[in-house]
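# Structure at a glance
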Amino acid sequence: MPDNAFETELPTEIDTTIAHEARVYDYWLGGKENYPADRALGDAIAEHVPTIKTMARANRAFLSRAVRHLVADAGITQFLDIGTGIPTAGNTHEVAQQLDSNARVVYVDKDPIVLAHARALMDSTPQGRTRFIHADLHEPRSILDHPDLIGTLDLSEPVAIMLVAIMMYFGDDDRPQDIVAALLDAVPSGSYIVITHPTADFAPEAMAGVVGAATASGIEFHPRSKSDTSALFSGTTLVDPGLVPVASWRPDLTDRPVAVGEAESAWYWAGIGRKP
């Protein structure tokens with residue numbers, strides 16, 4: 001790894017007194033890299049959504065299914081995983097390299113605690129390669145022009161862009177469709193975009209409570225409807241089964257079938273779009 005791999009202009013100090021979305025998510029997943037403020041927000045959200053930990057796990061399980069599909073069925077061996085979060089079991093490179101040891105992955109996150117644990121994301125197979133970039137998706141060029149991305153991924157070949165549970169932190173004023181379009185413009189035909197997004201479509205009152213709890217802790221949180229989430233896939237063709245509840249996206253890739261009612265208990269939309 002080059003000496004400048006972790007150079008960044010983003011803040012690198014970790015403020016444990018303020019809740020952070022990556023650490024809250026780590027708490028829900030049963031991780032250990034979280035603090036009282038994170039657990040307090042996680043519990044406050046759970047008051048509105050008692051099954052939030054199950055939802056977080058369903059979202060994480062989707063990531064594994066999506067990567068397996070992209071490698072095994074679509075032949076993708078390059079991944080740009082943005083909003084990586086704190087490393088846990090089943091990271092993108094682990095899933096991809098189990099199927100193709102040559103797979104390459106670039107991780108991106110702005111959270112300094114993820115930066116502190118980034119070396120756990122660098123445990124690549126000898127044939128493949130992984131890198132971590134400390135950057136902010138609000139400025140996609142800071143990612144796309146980063147030397148570690150250019151040195152790791154071949155942008156003349158298809159890339160899967162992973163935006164798993166990240167776009168809800170972008171309000172409409174942030175122009176999220178433009179951000180996604182900038183990422184897609186940088187990759188060739190045959191590339192994919194993977195998105196999961198929380199929604200109020202299934203339980204509006206409970207999701208309003210989640211938004212209120214997050215806002216009170218200083219975290220922007222913007223659930224989106226199915227149609228608004230679908231707009232993020234503009235310029236791509238959704239692969240089967242389209243945009244569906246996260247637990248029901250290709251359940252054949254898991255060991256157990258998912259009933260419709262159970263699928264809708266995890267309030268995320270999920271889909272994969274292919275760039276023509």
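Just so you know, these numbers come straight off a predicted model, no measurement behind them.

Parameters at a glance
Residues numbered from 1 in each chain as written. Predicted model: local features only at pLDDT ≥ 70, side-chain atom pairs only at ≥ 80, totals over all residues. Heavy atoms only, no water. Helix = DSSP H or I, 4+ residues; strand = E, 2+ residues; numbered from the N terminus. Rg over C-alpha atoms; globule rule 2.2 N^0.38 Å. Buried < 20%, exposed > 50% of the residue type's maximum accessible area, 1.4 Å probe, protein only. Areas by Shrake-Rupley, 256 points an atom, 1.4 Å probe, with all protein chains shown as cover. Contact = heavy atoms within 4.5 Å. Polar contact = N/O pair within 3.5 Å; in protein donor to acceptor, adjacent residues only side chain to side chain. Expected span 1.5 Å × (residues − 1). Arc of directions from axis to C-beta. Salt bridge = Lys/Arg side-chain N within 4 Å of Asp/Glu carboxyl O. Axes fitted to C-alpha atoms, helices over the stretch in contact; angles between N-to-C directions. Left-handed = near helix turned anticlockwise from the far one by under 90°. Nonpolar A, V, L, I, M, F, W, Y, C, P; charged D, E, K, R; others polar. Pairing = 2+ DSSP bridges. Right-handed = clockwise from strand over helix to strand, strands pointing away.

### Some points on the overall build of the protein
For the protein, the count of helices and strands is 11 helices and eight strands. For the protein, the C-alpha radius of gyration of 18 Å lies close to 19 Å, the compact-globule estimate for 276 residues. Across its three principal directions, the C-alpha atoms of the protein cover 45 × 40 × 35 Å. Burial analysis of the protein (276 residues in total) assigns 52% to the buried set. Surface exposure of the protein reaches about 12000 Å², of which carbon and sulfur atoms provide 50%.

### Focus: the environment of H146
With respect to the helices, strands and loops of the structure, H146 is situated in the loop between α6 (140-144) and α7 (147-152). If near-sequence neighbours (up to four positions away) are discounted, H146 is found in contact with I133 and R141. Engagement of the side chain of H146 in a polar contact is seen with the backbone nitrogen of D148, the distance being 3.0 Å.

### Focus on helix α9 (residues 204-216)
If you check α9, its first and last C-alpha atoms are 18 Å apart, about what 13 residues at 1.5 Å a residue would give, namely 18 Å. Listed as buried for α9 are A206, M207, G209, V210, A213 and A214. Axial view of α9: buried residues confined to an arc of 150°, hence all on one face. What points out from α9, more than 90 degrees from its buried face, is the exposed set P204, E205 and A216. Looking at the residues trailing α9, positive phi occurs at G218, about 85°.

### Thoughts on the pattern of salt bridges
In total, this model carries five salt bridges according to the counting rule given. D145 is the partner of R141 in a salt bridge, and the nearest nitrogen-oxygen pair spans 2.6 Å. For R141, a relative accessible area of 47% translates into the label partly exposed. Residue D178 is joined to R175 by a salt bridge in which the shortest nitrogen-to-oxygen separation is 2.4 Å.

### Focus: the packing of helix α3 (residues 52-72) against helix α4 (residues 92-99)
Where α3 contacts α4, the axes come no closer than 9 Å and their chain directions differ by 35°. As α3 packs across α4, the resulting crossing turns out to be right-handed. Listed contacts from α4 to L63, S64, V67, R68 and V71 of α3 are T92, V95, A96 and L99. Grouping the constituent residues of the contact of α3 with α4 by class yields six nonpolar, two polar and one charged.

### Side note on the pairing of strand β4 (residues 160-164)
Within a regular beta strand, the side chains point alternately toward one face of the sheet and then the other, so they alternate between its two faces. Burial of β4 is extensive: five of the five residues sit out of reach of the surface. Alternating residues of β4 divide into A160, M162 and V164 and I161 and L163, and every residue in both groups is buried. Relative to β4, strand β1 (residues 78-82) runs parallel, the two being bridged by three bridges. Its bridge partner being in β4, L80 is matched across the sheet by I161. Here β4 runs beside strand β5 (residues 192-198); their pairing, made up of five bridges, is parallel. Paired with V164 across the strands is T196, a residue of β5. Read from β4 through helix α8 (residues 176-185) to β5, the crossover connection turns out right-handed.

In short, geometric facts, not functional conclusions.
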